[in-house]
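Observations on the model geometry
Each chain, written out:
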Amino acid sequence: MPVYQTRCTPPACNVAELQPPASQRLGTSGFEQINNFGVAIGSKVSQIVPRGNFFSDLPEALGWMEKGLTLWVLLFLSLLALFEEVSSKEVYSIVGSSVLLDLGQRINFTNADLLWEFTTNSKHPITILDYDRHRQKIEPQSQFKHRLYFNENDGSLILSNVKPADQGVYTISVDAKLEGTIELFVSGKMEVYRAPGGSMFFPGVFEEHRNQAEMFKWEVLSGSTENGTRTKVLQFHPNNTEPSFMKKYNDRIDIFPFNGSFILHQLHFSDEGLYTLSTNQRNIIAQTVRLQIIEELSETSILSNTSSLASTIALTCDVSGKPHGYKWQKDGGEISPRHWLINGNRSLIIPSSMKGDCGIYTCLAVNPISSIQADYTLTIYDLPPPLHHTMVLSILALISASVIFVGIMLLRIVASDSICSSSSR
């Protein structure tokens, strides 16, 4: 809102004397401002009139009264402007989509300056776009650079690739006069996981945006965002009972024409991708859904490298499928602070194992559509590794000696039988 000042020729008046402090100008209370100006004007007139020669000072007094009246009129008009109804609306969007910032009415700014500002978290407004009618300059703020499309016909904005930081209040002013406000609410991007053969519901536009939809066009981007392939899934106009869609979706789609939503059945791995819903020819994106197809987890087990006392024991969770995370427990509770988790929590390390580390260890593997667990009973033997190896070698040596001894005894018995047989003949 501009601050109006009376133009006069010094030394007849000093406008600065009549201006209230900056904190009181055209802000919270218009009545307080008018009172401040009235006090200032009254003070000046009271200083002039009692000088003695009333008629000689009358022109000066009338001059001050004229200036005071002018200021009162300007302030009254400004006060009325404060109470003018300003257009306002709420808009909802999703991270990664596009949103139209439009008051829904045509604004004539052919010979005017237009200013878009953004406010969030009660901070000072920042200029996101400044349109100067003389230079026709468009200056997006750095946060919105390369993401804004300015429609010079109606002054609206299209903000693409919406981010959580874009949530806030947007205001549009024409020649410093506030024309309207738009409050933008941003929700997180939908990232959905489904199993092969399942079904997926793709939501349509919000209820308050249905009347603005000229058409519904769903597309899917397969592969990476930079080098992926974009394919049309289906397209139809509101309440159209015969929408067109790709042949690969025959007998797999249920469509809801009133808001553009649909259900895709019998999901394949080829259905993965980023799905976007556009509602008009300017490709304003109303919905974004990233669909990922993954299999359920199965066949899990826990492998151990050793179970000797004072050794470093590694327990590894082996799962068939694509787990997104692992969690370990010991005897149904938390693991010891002595234990380490490595390899994305897939392996549990027990350094310098002791008797207290014995117990039942559980590995829980999860992904967005399933979970599976395995148990392992850890028993730790008394002998440390060097003695254990010595004991093993001793046992092997004893077994070898025993085999040799038995073999020698069998040979002696066989030889003795042979001698006995020869003597008898």
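Described in the following lines is the structure provided in the data block.

Here we take up the sheet that holds strand β14 (residues 253-256). What holds strands together in a sheet is hydrogen bonding between their backbones, with the strands either parallel or antiparallel. Taking strand neighbours across the sheet as the criterion, the three strands line up as β10-β15-β14 in an open arrangement whose pairing is antiparallel. Either end of the sheet is taken by a strand with one partner, and the two such strands are β10 (200-202) and β14. Across this sheet, the average inter-strand angle for adjacent strands is 15 degrees, counted without regard to direction. Pairing analysis gives three bridges linking β10 to strand β15 (residues 261-264), with the strands arranged antiparallel.

Following the criterion strictly, the structure yields one disulfide and no others. The disulfide partner of Cys317 is Cys363, and the gap between their sulfur atoms is 2.2 Å. Judged by the sign of its S-S torsion, about -100 degrees, the bond between Cys317 and Cys363 is left-handed. Residue Cys317 is located in strand β19 (residues 313-320), and its partner Cys363 is located in strand β23 (residues 359-367); the two are separated by 46 residues in the primary sequence. What makes Cys317 buried here is its relative accessible area of 0%.

Take Ser336: it is sitting in the loop between β20 (325-330) and β21 (340-342). With 14 residues separating them along the chain, Ser336 and Ile350 place their C-alpha atoms 9.1 Å apart.

Let us now look at the packing of aromatic side chains. Applying the stated criterion across every chain yields a total of seven aromatic pairs. Their ring planes at 65 degrees and their centres at 5.7 Å tell us that Phe202 and Trp218 sit as a pair that is edge-to-face. In this pair, Phe202 sits in strand β10 while Trp218 sits in strand β11 (residues 216-222), placing the two residues 16 residues apart along the sequence. Relative to Tyr275, the ring of Phe202 has its centre 4.6 Å away and its plane inclined at 45 degrees; by these criteria the two rings are tilted. Here the residue Phe202 occupies a position in strand β10, and Tyr275 occupies one in strand β16 (residues 273-278), the gap between them amounting to 73 residues. You'll find Phe202 and Tyr275 in the same group, each marked buried.

Here is what the cut-offs are and how they apply
- Residues numbered from 1 in each chain as written.
- Predicted model: local features only at pLDDT ≥ 70, side-chain atom pairs only at ≥ 80, totals over all residues.
- Heavy atoms only, no water.
- Pairing = 2+ DSSP bridges.
- Helix = DSSP H or I, 4+ residues; strand = E, 2+ residues; numbered from the N terminus.
- Axes fitted to C-alpha atoms, helices over the stretch in contact; angles between N-to-C directions.
- Disulfide = S-S within 2.5 Å.
- Buried < 20%, exposed > 50% of the residue type's maximum accessible area, 1.4 Å probe, protein only.
- Phe/Tyr/Trp six-rings, centres within 6.5 Å; stacked < 30°, edge-to-face > 60°.

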